[in-house]
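Now for the letters of each chain:
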Amino acid sequence: ANNDVRINCLDENGMTPLMHAAYKGKADMCRLLLQHGADVNCNQHEYGYTALMFAGLSGKTDITSMMLDAGAERDIVNSVGRTAAQMAAFVGQHDCVTVINNFFSLKRLEYYTRPQGLEREPKLPPNLARPLYKIIMTTNLNPVKIVLLVKENPVLVDVAALEKCYQVMDLLCKQCVTQQDMNEVLAMKMHYISCVLRKCVSFLQKRDDTLEALVKNLLKGRDSDGFPQYQEKFIRECIRKFPYCEATLLQELVRSIAPVEIGNDPTAFSVLSQALMGQMALVDADYCNTCGEKGADKRCSLCKAALYCSLACQKLHWFTHKKMCYSLQEQDADLEEDTPRLKPLKAIKLISLLIHLNPQTVQTSTFKEETCQLHTIRNL
Ligand SMILES: [Zn+2]
Ligand SMILES: [Zn+2]
């Protein structure tokens, strides 16, 4: 607060206090400096690093989003032409990469909460902006997760409200495609969320069970192997319905998914989330069987094969998991630690497909071949 202090002063390497705080992962200090006018896009560093780059390198997702919220530019490159996302990927901070690539400012959504031009009322009622923003910012694209996010907010469980939301999502999708720096990834994400919201509307119109039936349909596994067919078909349909058929991303997704028989790997979900989120689908296998949330640490106590993030998720899944649980128990007894998940050839095909989908991964890759091989071998 003292005017004599130069908040953007530089040290001998051209680093500002904000850069230091971001690099060292000090969230409180970053907040304090930003509140007092620290320049988030200062680019005087000797190698052209910005505070966002340092945040990405630190691996702290909260600081990374703080920089973005403060208006950090994502396209600034350092002295060797790398963006913040590419640098974070290079050191293996994939959660930060996801945060940077998926950033969407609340201001952009709030634009629709004010009447524009001759409009008498805004396209989006102001009370829907926050809950919708939470859905837009999700880094877990599992349709069950998105429906649960809708369900947890009573203002959204309403046909009229959801219609307003998906109309705005469609407008944002169009904007992402037509804007000067076209962003196909964000456009696809907007379109996909819009499709899930439409699905919610169609279920709300048919029944009055507040979306329970939709969650069940999405989770229901087929009798032969428990594969969630409805979910797979739904995601494929969403991708197919993307309205801008000349988009390269759409063509790549269709090319990757179309030849795969339903029930085989890769699933439409894994291809889509790899393309949109850049997630390392193979390396971390601890995803919740119900909502796809990362870091699931609760196991079905009977088969010990099914993973969940919470008791609520396990309960939701039980109606369909119980049909598979018994055979999974047998498998567990037969193979003990050796449950086959992917055949090596399939794994390698999937990896090459994933790399193909995300050229950034190739340039800056930390996708180490050894890691993949190890993982494949473990799963043989
Ligand atoms: Zn879950
Ligand atoms: Zn089980």
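Predicted model, so just to flag it, every value in this text is computed and none were measured.

Conventions and cut-offs
Position numbers for residues start from 1 in each chain and track the written sequence from start to end. Labels follow written order: the first chain is A, the first ligand is 1, and so on. Given that the model is predicted, a residue must reach a pLDDT of at least 70 before its local features are reported, and side-chain atom pairs must reach 80 or more before they are shown or counted; all residues, however, enter totals for whole chains, interfaces and linings. Helical segments are the DSSP runs of H or I of at least four residues, strand segments are the runs of E of at least two, and each set is numbered from the N terminus. Residues with at least 20 neighbouring C-beta atoms inside 10 Å of their own are called buried, those with 12 or fewer are called exposed, and the rest are partly exposed, where every C-beta is derived from the backbone. UniProt positions are given in the numbering used here, feature names are shortened, and annotations may be inferred rather than shown by experiment. Under the definition applied here, buried Ala, Val, Leu, Ile, Met, Phe, Trp, Tyr and Cys residues are grouped into a nonpolar core through C-beta atoms within 7 Å. Contact definition: two residues whose C-beta atoms, as placed from backbone geometry, lie within 7 Å. Helix axes are fitted only over the stretch in contact, all axes being lines through C-alpha atoms; the angle between N-to-C directions runs from 0 to 180 degrees. For classification, angles of less than 35 degrees are called roughly parallel, those exceeding 145 degrees roughly antiparallel, those between 65 and 115 degrees roughly perpendicular, and all remaining angles oblique. Helix crossings are classified by the rotation of the near helix relative to the far one: an anticlockwise turn of less than a right angle makes the crossing left-handed, while a clockwise turn makes it right-handed.

## Focus on the overall build of the chain
Right, so step 1: Helices and strands together make up the secondary structure of the chain, namely 19 helices and two strands.
Right, so step 2: Buried positions account for 38% of the 380 residues belonging to the chain.

## Some details on the UniProt feature "repeat: ANK" (unreviewed entry) in the chain
Right, so step 1: Mapped onto this numbering, the UniProt entry gives "repeat: ANK" (unreviewed entry) at residues 13–45 and 47–79.
Right, so step 2: With 52% helix and 0% strand, residues 47–79 has its two end C-alpha atoms placed 5 Å apart.

## Observations regarding the nonpolar core
As a rule of thumb, soluble globular proteins bury nonpolar side chains together.
Right, so step 1: If you look at the biggest cluster of nonpolar residues, it comprises 60 residues, and the most contacted ones within it are Val 147, Cys 165, Met 169 and Leu 272.
Right, so step 2: The residues contacting Cys 165, other than those within four sequence positions of it, are Leu 128, Leu 132 and Leu 197.
Right, so step 3: Val 40, Leu 52, Ile 63 and Ala 89 belong to the second-largest nonpolar core, a separate cluster that totals 31 residues.

## Concerning the UniProt feature "domain: MYND-type" (unreviewed entry) in the chain
Right, so step 1: According to UniProt, the positions carrying the feature "domain: MYND-type" (unreviewed entry) are residues 288–325.
Right, so step 2: In this annotation, residues 288–325 is assigned 39% helix and 11% strand; the end-to-end C-alpha distance for the span is 16 Å.

## Things to note about the packing of helix α3 (residues 51–58) against helix α4 (residues 61–69)
Right, so step 1: Orientation of α3 relative to α4, taken along the N-to-C sense of each, is 165°, at an axis distance of 8 Å. Taken together, the axes of α3 and α4 lie roughly antiparallel to each other. Crossing handedness for the pair α3 and α4: left-handed. Of α4, the residues touching α3 (which contributes Ala 51, Leu 52, Ala 55, Gly 56 and Ser 58) are Ile 63, Thr 64 and Met 67.

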